[in-house]
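Results of the structural survey
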Amino acid sequence: MTVAGQQGALEAQVAAALTRCAAGERAALRVIYDIEAARMAGVARRIVRRPELAEEAVHDTFVNVWQAARSFDPQRGAARSWLYAILRNRAISILRDEGRFSPDEDVAEIELDAASATARLPESSALRRCLEHLDGNKRAMVVLAYVHGLSHGELAGRLRLPLGTVKSWLRRSLASLRECMG
Amino acid sequence: MTPDRPDGLLAAEYVLGLLEGPALALVERRLRSDSGFAREVEAWRTRFSDFDHSAETHQVGENIWHRIEQALPTTSAVAAPLRSSWREWLWDSLPALRATAVGASLAVLLLAVALAATIRQAGRAPTMIAVLLDGDRPGAVVEVFADGRATLMPISNIPVPLGRALQVWTLPSKERGPVSVGLMPQAQTLPLTLSTVPQPQPDQLFEITLEPEGGSPTGRPTGPILFKGNTARRL
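These numbers were taken from a predicted model, which means no experiment stands behind them.

Before going further, it helps to examine the interface of chain A and chain B. Each side of the interface is counted separately: chain A has 47 residues, and chain B has 35 residues. Of all the elements in the fold, those that place two or more residues in the side of chain A that touches chain B are α2 (26-48), α3 (51-68), α4 (79-97), α5 (107-120), α7 (136-148), α8 (152-159) and α9 (163-181) of chain A. The leading source of residues in the side of chain A that touches chain B is α2(A), at 10 residues.

As structure tokens, then:
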């Protein structure tokens, strides 16, 4: 199966399971857990760094998903992007509220990860193709913000750029991504 | 709040997780009411989704699933679990209560009752309480005591951007306008300075605004109102 085909099949399974969650069927939540929990832990770990905090984010996400399943509207968006939005919000809250980053922690490792997260994107990904059109620092900003949950201030610190420059470059990068990806 | 920023980019910054504090609260509110903006957000989520779907997987311990199951309500989302302390139940239930149409006023009412009860137990009862809200989200409580003292207690996380501060205001009368009664660099329990205003009356407005560090330069609120509410006599 192609990457797009696999993603389509997963989306259909998760969307169906979410509908059953909304009807109060717990087994359907377990279906989503079996499909997504390990991937979610990976996404959360890139943001909160520590495995136990990543598991906490996954735990909180599933409790939220169960409680909010009825508010999921397939007309308005994909089921999996809804799930991952909840997860990323939760992980970023854990990161920001509890200040898990010490300023000097793992700088080199995180800079390296900006490249590795892009390298993990499928060859066929429009996101990958369009990110590759951006210069190094502009690409790194987008990746570090989305994948690692860095704030404007943290981006400025890590890339050693003034805050105003980070904000304006980031907006330009986003505008160019939107133009490239449609 | 930032009229120079087109909606598409605001949506992108929201999806990236770059908005904080009042900007984030504004966007989340707008997301519920503005379907065009919600579509922009969804489009950005879709654009970035390959990052999530291609992330490395990490096996999650089976104990996590057990904890999830234990945290699920037994019958429905608003079923009241059995707890030793109903105040603890109240705190835990606030999100669920808020999710219902009548939840907001109910949550505030229960909150006021719970606070009044707790404070009475402590032997020091306020004569009036104001629950300060952002829409339906309670952010802080102002208690006014018989001897004229008053305290503000934050009850939710209120992020403050660098170089800004939270300022507390009250409106003793329309003629006089808002008067500053407190300033804090971050959300904290704060004794309010009521010496320059008459003893607060029922239904008097209190609000928290976001101001420059050191307080509003004009002596009047200049920043966005984060939370507001009116005093009510103790229940």
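All names here are of chain B. Pairing geometry for strand β1 (residues 126-134) and strand β8 (residues 225-233), over 4 bridges, is antiparallel. Residue pairing in the sheet places leucine 133 in a bridge with lysine 228 of β8. Sheet topology note: the strand β7 (residues 205-212)/β8 ladder contains 5 bridges and is antiparallel. Of the residues in β8, the one forming a bridge with threonine 209 is isoleucine 225.

What follows is about unusual backbone geometry. Although it is not a glycine, A:Arg49 adopts a positive phi angle of roughly 70 degrees. With a phi close to 70 degrees, B:Asp203 is a non-glycine residue in the positive phi region.

Attention now moves to the packing of α8(A) against α9(A). Residue and element names in this part refer to chain A. Closest axis-to-axis distance for the α8/α9 pair is 9 Å, and the angle between their directions is 105 degrees. Viewed along their axes, α8 and α9 adopt a mutual orientation that is roughly perpendicular. Contact with α8, carried on its side by His152, Gly153, Leu155, Ala156 and Leu159, involves Leu163, Val166 and Lys167 of α9 and no other residues of that element. Across the contact of α8 with α9, the residue classes break down as 5 nonpolar, 2 polar and 1 charged.

Glancing now at the nonpolar core. Counting residues in each nonpolar core, the largest one holds 66 residues, and the members touching the most others are A:Ala44, A:Val58, A:Ala91, A:Met141, A:Leu144 and A:Ala145. Counting 24 residues, the second-largest nonpolar core is a separate cluster that includes B:Ala140, B:Val181, B:Leu190 and B:Phe227.

Our focus in this paragraph is the environment of A:Ala27. If you trace the backbone, A:Ala27 turns up in helix α2. Between the C-alpha atom of A:Ala27 and that of A:Ala17, which follows or precedes it by 10 residues, the distance is 8.7 Å.

So, about the packing of α3(A) against α4(A). Residues and elements named next belong to chain A. Between α3 and α4, the least distance of the axes is 9 Å, while the angle of their chain directions is 135 degrees. Between α3 and α4, the crossing angle belongs to the class labelled oblique. Helix-helix and strand crossings are classified by hand; for α3 and α4 the assignment is right-handed. Contacts from Leu53, Glu56, Ala57, Asp60, Thr61, Asn64 and Val65 of α3 reach α4 at Leu83, Ile86, Leu87, Arg90, Ala91 and Ile94. Its residues assigned to classes, the contact of α3 with α4 shows 8 nonpolar, 2 polar and 3 charged.

Parameters and conventions
Residues numbered from 1 in each chain as written. Chains lettered and ligands numbered in written order. Predicted model: local features only at pLDDT ≥ 70, side-chain atom pairs only at ≥ 80, totals over all residues. Contact = placed C-beta atoms within 7 Å. Helix = DSSP H or I, 4+ residues; strand = E, 2+ residues; numbered from the N terminus. Pairing = 2+ DSSP bridges. Axes fitted to C-alpha atoms, helices over the stretch in contact; angles between N-to-C directions. Parallel < 35°, antiparallel > 145°, perpendicular 65-115°, else oblique. Nonpolar A, V, L, I, M, F, W, Y, C, P; charged D, E, K, R; others polar. Core = buried A, V, L, I, M, F, W, Y, C linked by C-beta atoms within 7 Å. Buried ≥ 20, exposed ≤ 12 C-beta atoms within 10 Å, placed from the backbone. Left-handed = near helix turned anticlockwise from the far one by under 90°.

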